Amino acid sequence: MKKYILTGLLVWLPLAITIWVLMHVVGTLDGVFATLVVAAQTVLPESARPLLQQLREVPGLSVIIVVTALWLTGVAVTNMAGQWLLNQSNRMFSNIPIVKSIYSSVKQVSDTLFSSSGQAFRQAVLVQYPRAGAWTIAFVTGKPNGEVADNLPHDMLTLYVPTTPNPTSGFMLMVPRADVVELQMSVDEALKYIISMGVVAPPPSASTGSLPPVTPTTQS
């Protein structure tokens with residue numbers, strides 16, 4: 001009986017967690033949308049309040065609004081006028097004290113991670129961490145540059161070592177290329193391997209991969 005219960009749990013657990021995460025996201029967006037509606041009701045005329053109240057009670061409307069807003073923003077910035085407005089807004093935020101430090105840092109990271117032409121994670125590799133003899137999966141993110149590169153030996157790689165089961169936190173290492181073992185598995189397969197704590201292993205490969213050429217990135 002224990003065997004069948006565990007089997008049923010393995011069937012339903014992924015679906016339950018997926019539904020829970022989606023409900024949490026929708027609930028958060030609905031809360032933000034409700035706050036905006038309340039703020040709008042305080043400044044708009046009395047005649048508009050019943051309509052706003054009806055919109056507030058529509059479940060999931062915030063998700064549709066957010067997706068539509070993201071789509072319209074993406075469409076808008078693909079033309080010359082949208083690019084000009086985007087550049088002006090970036091310039092404005094980059095000149096505000098305190099805000100410019102946060103905004104510039106977040107923008108650089110998001111452009112690197114989510115840009116369709118970017119290569120945030122170039123390849124999955126093996127590296128000895130946190131001590132010699134202990135191996136973990138890491139991702140090549142580039143090469144050291146600037147002042148850091150001037151104080152390091154040549155042929156170094158910058159690696160991101162994610163934690164498990166949450167790969168959004170981790171450690172940055174700069175190691176010699178000779179200390180890195182290249183893997184044939186894709187970045188997606190490596191992420192699944194890390195998130196599953198080694199349970200979901202990628203298929204074995206008979207050959208080792210090769211690292212793509214890495215060029216130093218420059219900060220503007």
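Residues numbered from 1 in each chain as written. Predicted model: local features only at pLDDT ≥ 70, side-chain atom pairs only at ≥ 80, totals over all residues. Heavy atoms only, no water.

1. Topic: the overall build of the protein
Secondary structure summary: the protein contains seven helices and five strands in total. Along its sequence from the N terminus, the protein presents helices and strands in the succession α-α-α-α-α-β-β-α-β-β-β-α. For the protein, the residues scored as buried account for 20% of the 220 residues in total. Pairs at least 24 apart in sequence give 43% of the contacts found in the protein among residues at least 6 apart. Summed over all atoms, the accessible surface of the protein reaches about 16000 Å², with 68% contributed by carbon and sulfur. (Helix = DSSP H or I, 4+ residues; strand = E, 2+ residues; numbered from the N terminus. Buried < 20%, exposed > 50% of the residue type's maximum accessible area, 1.4 Å probe, protein only. Contact = heavy atoms within 4.5 Å. Areas by Shrake-Rupley, 256 points an atom, 1.4 Å probe, with all protein chains shown as cover.)

2. A few points about the packing of helix H1 (residues 2-43) against helix H3 (residues 61-76)
Between H1 and H3, the shortest axis-to-axis distance is 8 Å and the interhelical angle comes to 85°. By the angle class used here, H1 and H3 are roughly perpendicular. Residues Val 26, Leu 29, Asp 30 and Phe 33 of H1 pack against Leu 61, Ser 62, Val 63, Ile 65 and Val 66 of H3. Residues of the contact of H1 with H3, tallied by class, amount to seven nonpolar, one polar and one charged. (Axes fitted to C-alpha atoms, helices over the stretch in contact; angles between N-to-C directions. Parallel < 35°, antiparallel > 145°, perpendicular 65-115°, else oblique. Nonpolar A, V, L, I, M, F, W, Y, C, P; charged D, E, K, R; others polar.)

3. Focus on H1
For an α-helix the count is 3.6 residues per turn, leaving residues at separations of three or four pointing the same way. With 42 residues, H1 extends 60 Å from end C-alpha to end C-alpha; this agrees with the ideal 62 Å at 1.5 Å per step. At Trp 12, H1 shows its maximal bend, which comes to roughly 35°, and the proline Pro 14 appears one to four places after that position. Listing the buried residues of H1 in full gives Phe 33, Ala 34, Val 37, Ala 40 and Gln 41. The elements touched by buried residues of H1 are helix H2 (49-56) and H3. (Expected span 1.5 Å × (residues − 1). Bend = angle between axes of the 7 residues up to and from the residue.)

4. Considering a nonpolar patch on the surface
Among the surface-exposed residues, Leu 6, Leu 9, Leu 13, Ile 17, Trp 20, Val 21 and Val 25 lie close enough to one another that they form a single nonpolar patch of about 640 Å² accessible area. Along the chain, Leu 9 turns up in helix H1. (Patch = residues over 30% accessible without salt bridge, like charges linked within 9 Å, V, L, I, M, F, W, Y side chains within 5 Å. Salt bridge = Lys/Arg side-chain N within 4 Å of Asp/Glu carboxyl O.)

5. Side note on the environment of Gly 27
When you line up the elements, Gly 27 lands in helix H1. Given the relative accessible area of 40%, Gly 27 is considered partly exposed. Spatially, the C-alpha atom of Gly 27 lies 8.2 Å from that of Gly 60, the residues being 33 residues apart in sequence.

6. Some remarks on the confidence of the model for the protein
Overall, the predicted model of the protein reaches an average pLDDT of 81, with 88% of residues at or above 70. Within the protein, the element-level pLDDT minimum falls on helix H5 (residues 99-114), averaging 72, and the maximum on strand E1 (residues 124-128), averaging 93. (pLDDT = per-residue confidence, 0-100.)

7. So, unusual backbone geometry
Look at the link from Tyr 129 to Pro 130: it is a cis peptide, with omega at 5°. For the peptide bond that leads from Thr 164 to Pro 165, omega is 5°, which places it in the cis range. A positive phi angle, near 60°, is found at Asp 155, a position not held by glycine. Structurally, Asp 155 is set in the loop between helix H6 (146-150) and strand E3 (156-162). Here Asp 155 falls in the partly exposed class, since its relative accessible area comes to 43%. Residue Met 197 is not a glycine yet carries a positive backbone phi of 60°. By secondary structure assignment, the location of Met 197 is in the segment after helix H7 (187-195). On the accessibility criterion, Met 197 (60% relative accessible area) is exposed.

8. Things to note about the nonpolar core
By size, the foremost hydrophobic cluster in this structure holds 10 residues: Val 125, Val 127, Ala 138, Val 140, Leu 157, Leu 159, Val 161, Leu 173, Val 175 and Val 180. When contributions to this core are tallied by element, the ones reaching two or more residues are E1, strand E2 (135-142), E3 and strand E4 (170-176). In terms of residue count, the dominant contributor to this core is E3 (three residues). Look past the residues within four positions of Val 127 in its chain and what remains in contact with it is Ala 134, Trp 135, Thr 136, Ala 138, Leu 159, Val 161, Val 175 and Asp 179. Core analysis: the next-biggest nonpolar cluster, separate from the first, contains nine residues, Ala 124, Tyr 160, Met 185 and Val 187 among them. (Core = buried A, V, L, I, M, F, W, Y, C linked by side-chain atoms within 4.5 Å.)

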